[in-house]
Amino acid sequence: MSATEAGTGEPEDSLRGAVLICVTATIAGAAIGLIGGVFRWFLEAGDRLRLDFVEWTQQLPGPGWLVPMAAAAVGATLAALVVRWEPLADGSGIPHVEAVYHGQVPPPQIRLLPAKFIGGVLAIGSGLVLGREGPTVHMGAAIGAEAARRARMGDADVRMMQTALGGAGLAVAFNAPIGGTLFTLEEVTRSFRVRTVLATVFAAATAVGCARLILGDHPEFRLAPMPEPELIWLPLFVVFGVLTGGLGAVYNRLVLWFLDHVTAVRAIPSVAKAALIGAVIGLVMFIYPQAVGGGEPLTQLLLGGKHVLLTVIVGYLVLRFVVGPLSYSAPVVGGLFAPMLAVGALWGVLFVGVVDLVWPGEIAFLAVPMAVVGMASFFGASVRAPITGMVLVVEMTASTAAIVPMLAATGAAVLAAYLAGSPPIYDSLRERSLAKT
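Residues numbered from 1 in each chain as written. Predicted model: local features only at pLDDT ≥ 70, side-chain atom pairs only at ≥ 80, totals over all residues. Heavy atoms only, no water.

K.L.:
Looking at this structure, how should I read the packing of aromatic side chains?
P.N.:
How two aromatic rings sit relative to each other is set out by the distance from centre to centre and by the angle between their planes. Using the criterion set out here, one finds 16 aromatic pairs in the structure. Look at Trp257 and Phe258: their rings are 5.2 Å apart centre to centre, the planes differ by 85°, and that puts the pair in the edge-to-face class. Here Phe258 falls in the buried class, since its relative accessible area comes to 13%. Summarising the aromatic geometry, the rings of Phe337 and Tyr426 are spaced 5.8 Å apart at their centres and angled 55° between planes, so their arrangement reads as tilted. With Phe337 in helix 13 (residues 337–358) and Tyr426 in helix 17 (residues 425–436), this residue pair connects regions lying 89 residues apart in the sequence. Across the pair, Tyr426 and Phe337 agree in class, each one buried. Joined through ring pairs, the aromatic side chains of Phe174, Phe183, Phe337, Phe379 and Tyr426 make up one cluster. Above the ring of Trp85, the side-chain terminus of Arg111 is found at 4.6 Å from the ring centroid. (Phe/Tyr/Trp six-rings, centres within 6.5 Å; stacked < 30°, edge-to-face > 60°. Buried < 20%, exposed > 50% of the residue type's maximum accessible area, 1.4 Å probe, protein only. Helix = DSSP H or I, 4+ residues; strand = E, 2+ residues; numbered from the N terminus. Lys NZ or Arg CZ within 6 Å of the ring centre and 35° of its normal.)

Here is the structure:
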């Protein structure tokens, strides 16, 4: 690494440059913390309202299923219109943050912020199976780039600051400051430059602190009492990890398959595609209300130790495994992280349930630990950022009880996905978006 960084003309360890970066990151972190906190509050309120709304439509006489179909279609349509106004708002935004860091596309402008906020509330709030983390990361990146421009930083530091604030956005989305910091360093930059570390740490700490003023200070999920699994069960977690790696590879291919095939239908306008996909999600919502949305209430149900019939788990897993990629193919705002975590938790509970059919009563107590491990290992297999995934899950659950099996299963999952020839999902999405430009 050279003594100076492009665009600043100052030594990397200069006091003036370090102070400017830290102050700018802190101010920008406060902005994404407050905005991201309000964004999360809207989405959490939307989850509650959507469940009440579906319960009401189920009591209506006649074809009540048409009402949630129409509501979801309208929400998706409005979200697609936001994307038509600001095309950069489409999708997760994380591939764009990575492309900016690599100098492949210019940093986002501040007009992206309202587009991501409004489009995300409309799309995710209407029930599409999308995550809040992608929009929050992208909003953070837009704030970071704007703050760096106003601080008169060079181009290299503008790109760096948007990357650091993207990590702060992820920290806000999941109340996971260390996970958000690692996301920047492991997934986006894949390096540990001092300026980036400083900016990300200051931004994430300030962002999460400000978000907690709105959302409160508590873990994302509350676990049922969970003893640490004995080492005798470690081989079972490794087998689970290997299978999870294959499942993650299939999921990645399904995401790309839906994107390619929905995009290929050029006879239907993008707004109409969003409306059709929204209508499909609305029908699913009427039948299985917990199968739609980001998936946080469903994940909490599983991690809270609630007993759910195995057939119901299978139904939820199959539905979310398909409607997640389908939702992401719609030209709207939304991410992939949160739906992945729900799939991983469902898959963990299902795995224990199936094994319990062979050894009745022997491993049922592993359902919650396997759900926790499933979240991290499925994320690792799909995104190929295992340390980030594990730290995120530990912070979201405020528990290290399953850390040893989590390490084993996540490592096995990443290795299996690698051997299966499945590239990291955000690399594939970035290459796909660059090919379109």
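K.L.:
It is not clear to me how the environment of Arg16 should be interpreted in this structure. Could you clarify?
P.N.:
Mapping Arg16 onto the fold places it in helix 1 (residues 15–58). Spatially, the C-alpha atoms of Arg16 and Val383 are 36 Å apart, while their sequence positions differ by 367 residues.

K.L.:
Just checking my understanding: could you explain the environment of His102 for this structure?
P.N.:
With respect to the helices, strands and loops of the structure, His102 is situated in the loop between helix 3 (94–101) and helix 4 (112–125). On the accessibility criterion, His102 (43% relative accessible area) is partly exposed. Not counting residues up to four positions away in its chain, the partners in contact with His102 are Val188 and Arg430. (Contact = heavy atoms within 4.5 Å.)

K.L.:
How should helix 16 (residues 403–419) be read in this particular structure?
P.N.:
Over its 17 residues, helix 16 extends 24 Å from the first C-alpha to the last, a length consistent with the 24 Å expected when each residue adds 1.5 Å. By the burial criterion, the buried members of helix 16 are Pro405, Met406, Ala409, Thr410, Ala412, Ala413, Val414, Ala416 and Ala417. If you follow the buried residues of helix 16, they end up packed against helix 9 (234–264), helix 14 (367–383) and helix 15 (386–397). Positive backbone phi, at 75°, marks Gly421, one or two positions downstream of helix 16. (Expected span 1.5 Å × (residues − 1).)

K.L.:
Would you take a moment to explain helix 12 (residues 310–329) for this structure?
P.N.:
What sets the pattern is the α-helix's 3.6 residues per turn: residues three or four places apart point alike. An ideal rise of 1.5 Å per residue puts 28 Å on 20 residues; helix 12 measures up with 29 Å between its terminal C-alpha atoms. Residues of helix 12 that are buried include every one of Ile313, Tyr316, Leu317, Arg320, Phe321, Val323, Gly324, Pro325, Leu326, Ser327, Tyr328 and Ser329, and no others. Tucked into the core, helix 12 has its buried residues touching helix 9, helix 10 (270–287), helix 11 (296–303), helix 13, helix 14 and helix 17.

K.L.:
In this structure, what is going on with the confidence of the model for the protein chain? I would like to understand it.
P.N.:
Any segment with low pLDDT has predicted coordinates that should not be analysed in fine detail. Taken over all residues, the pLDDT of the protein chain has a mean of 91, while the share at 70 or more is 97%. Confidence drops under a pLDDT of 50 for residues 1–13, and excluding neighbours within four residues, the segment shows 24 contacts in the predicted structure. (pLDDT = per-residue confidence, 0-100.)

K.L.:
What's the story with a nonpolar patch on the surface in this structure? I'm lost.
P.N.:
Residues Leu34, Val38, Trp41, Phe42, Leu213 and Ile214 make up a contiguous nonpolar surface patch of about 560 Å² in total accessible area. Going through the elements one at a time, helix 1 and helix 8 (194–215) are the ones with two or more residues in the nonpolar patch. Considering every element that reaches the nonpolar patch, the biggest residue donor is helix 1, with four residues. (Patch = residues over 30% accessible without salt bridge, like charges linked within 9 Å, V, L, I, M, F, W, Y side chains within 5 Å. Areas by Shrake-Rupley, 256 points an atom, 1.4 Å probe, with all protein chains shown as cover. Salt bridge = Lys/Arg side-chain N within 4 Å of Asp/Glu carboxyl O.)

K.L.:
Which parts of the structure should I look at to understand the side chain of Thr244?
P.N.:
In this fold, Thr244 is placed in helix 9. Take Thr244: its relative accessible area is 0%, and that puts it in the buried class. Reaching out from Thr244, the side chain makes a polar contact with the side chain of Trp347 at a distance of 2.8 Å. With residues up to four places along the chain from it excluded, the contact list for Thr244 reads Trp347, Ser377, Phe378, Ala381 and Ala413. (Polar contact = N/O pair within 3.5 Å; in protein donor to acceptor, adjacent residues only side chain to side chain.)

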